[in-house]
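Given next are the chains, with one letter for each unit.
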Amino acid sequence: QVQLVESGGGLVQTGGSLRLSCAASGFIFSRYGMGWFRQALGKEREFVAAIVSNGGSTSYADAVKDRFAISRDNGKNTVYLQMNNLGPEDTARYYCATKYPYTDSTRYGYWGQGTQVTVSS
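Residues numbered from 1 in each chain as written. Predicted model: local features only at pLDDT ≥ 70, side-chain atom pairs only at ≥ 80, totals over all residues. Heavy atoms only, no water.

A. Inspection of the nonpolar core at higher detail. Met-34, Trp-36, Val-79, Leu-81, Met-83 and Tyr-94 are the most contacted members of the largest nonpolar core, which totals 28 residues. At the level of secondary structure, the elements contributing two or more residues to this core comprise β3 (18–25), β4 (34–39), β5 (46–51), β7 (68–73), β8 (78–83), β9 (92–98) and β11 (115–120). Those residues in contact with Val-79 that lie beyond four places of it in its chain are Leu-20, Ser-21, Cys-22, Phe-29, Met-34, Trp-36, Ile-51, Ile-70, Ser-71, Arg-72 and Cys-96. (Core = buried A, V, L, I, M, F, W, Y, C linked by side-chain atoms within 4.5 Å. Buried < 20%, exposed > 50% of the residue type's maximum accessible area, 1.4 Å probe, protein only. Helix = DSSP H or I, 4+ residues; strand = E, 2+ residues; numbered from the N terminus. Contact = heavy atoms within 4.5 Å.)

Below, the structure written as structure tokens:
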């Protein structure tokens, strides 16, 4: 069974940093692209970052591209989101997603439960 478990969220002050982790199981992790999304209370879910299966290419939403970094460790079946210089606008629940089983698609097949990030001023 596919499982994605996020961790690392919490409360941080403006200007601080957090690193989110997503532990994946139930599929061959190294074959699939991964992504991070976020949803603020009362808002639509939005794309944050994506990384290809071998980690060689990444993409970011404009709002985070100079502050966040996505990475992955295929030996640990884990994808990360390093978040620096956080501001209140980054407050949201952050979700990890996998493109499994869509090997030739931009679609995401499975999502984690999310981890809450709250940035205080």
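B. Spatial organisation of the packing of aromatic side chains. Under the defined criterion, the tally for this structure stands at nine aromatic pairs. Centroid distance Phe-27 to Tyr-32: 5.9 Å. Interplanar angle 75°. Geometry classified as edge-to-face. Exposure class is identical for Phe-27 and Tyr-32. Each is buried. Ring geometry for Phe-37 and Phe-47: centres 5.7 Å apart, planes at 75°, overall edge-to-face. Placement of Phe-37 in strand β4 and of Phe-47 in strand β5 is noted, with a sequence separation of 10 residues between them. Take Phe-37: its relative accessible area is 10%, and that puts it in the buried class. Three or more aromatic residues link up through ring pairs in this structure, and these residues are Phe-27, Phe-29, Tyr-32, Tyr-100 and Tyr-110. The ring centre of Phe-37 lies 5.7 Å from the NZ or CZ of Arg-45, which sits over that ring. The cationic tip of Arg-72 hangs over the ring face of Phe-29; the distance from NZ or CZ to the ring centre is 4.3 Å. (Phe/Tyr/Trp six-rings, centres within 6.5 Å; stacked < 30°, edge-to-face > 60°. Lys NZ or Arg CZ within 6 Å of the ring centre and 35° of its normal.)

C. Quick look at the state of the cysteines. Applying the stated criterion across every chain yields a total of one disulfide. Here Cys-22 is linked by a disulfide to Cys-96, with a sulfur-sulfur distance of 2.1 Å. Here the disulfide of Cys-22 and Cys-96 is left-handed, its torsion about the S-S bond being about -80°. Of this pair, Cys-22 sits in strand β3 while Cys-96 sits in strand β9; the two residues are 74 residues apart in sequence, bridging distant segments of the chain. With relative accessibility at 0%, the residue Cys-22 sits in the buried group. Taking relative accessible area as the criterion, Cys-96 reaches 0% and is therefore assigned buried. (Disulfide = S-S within 2.5 Å.)

D. Fine view of the pattern of salt bridges. Applying the stated rule across the entire model yields four salt bridges. Between Arg-38 and Asp-90 there is a salt bridge, and its shortest N-O distance comes to 3.0 Å. Of this pair, Arg-38 sits in strand β4 while Asp-90 is found in the loop between β8 and β9, placing the two residues 52 residues apart along the sequence. As far as the burial class goes, Arg-38 and Asp-90 line up, both buried. (Salt bridge = Lys/Arg side-chain N within 4 Å of Asp/Glu carboxyl O.)

E. Focus on the sheet that holds β8. As summarised here, the arrangement of the four strands in space is β1-β3-β8-β7, forming an open sheet in which the pairing is antiparallel. Of all the strands in the sheet, the pair left with one neighbour each is β1 (3–7) and β7. With strand direction ignored, the average angle separating the axes of adjacent strands in the sheet is 15°. Where β3 lies against β8, six bridges are found, and the strand directions are antiparallel. Looking across to β8, one finds that Ser-21 is bridged to Tyr-80. (Pairing = 2+ DSSP bridges. Axes fitted to C-alpha atoms, helices over the stretch in contact; angles between N-to-C directions.)

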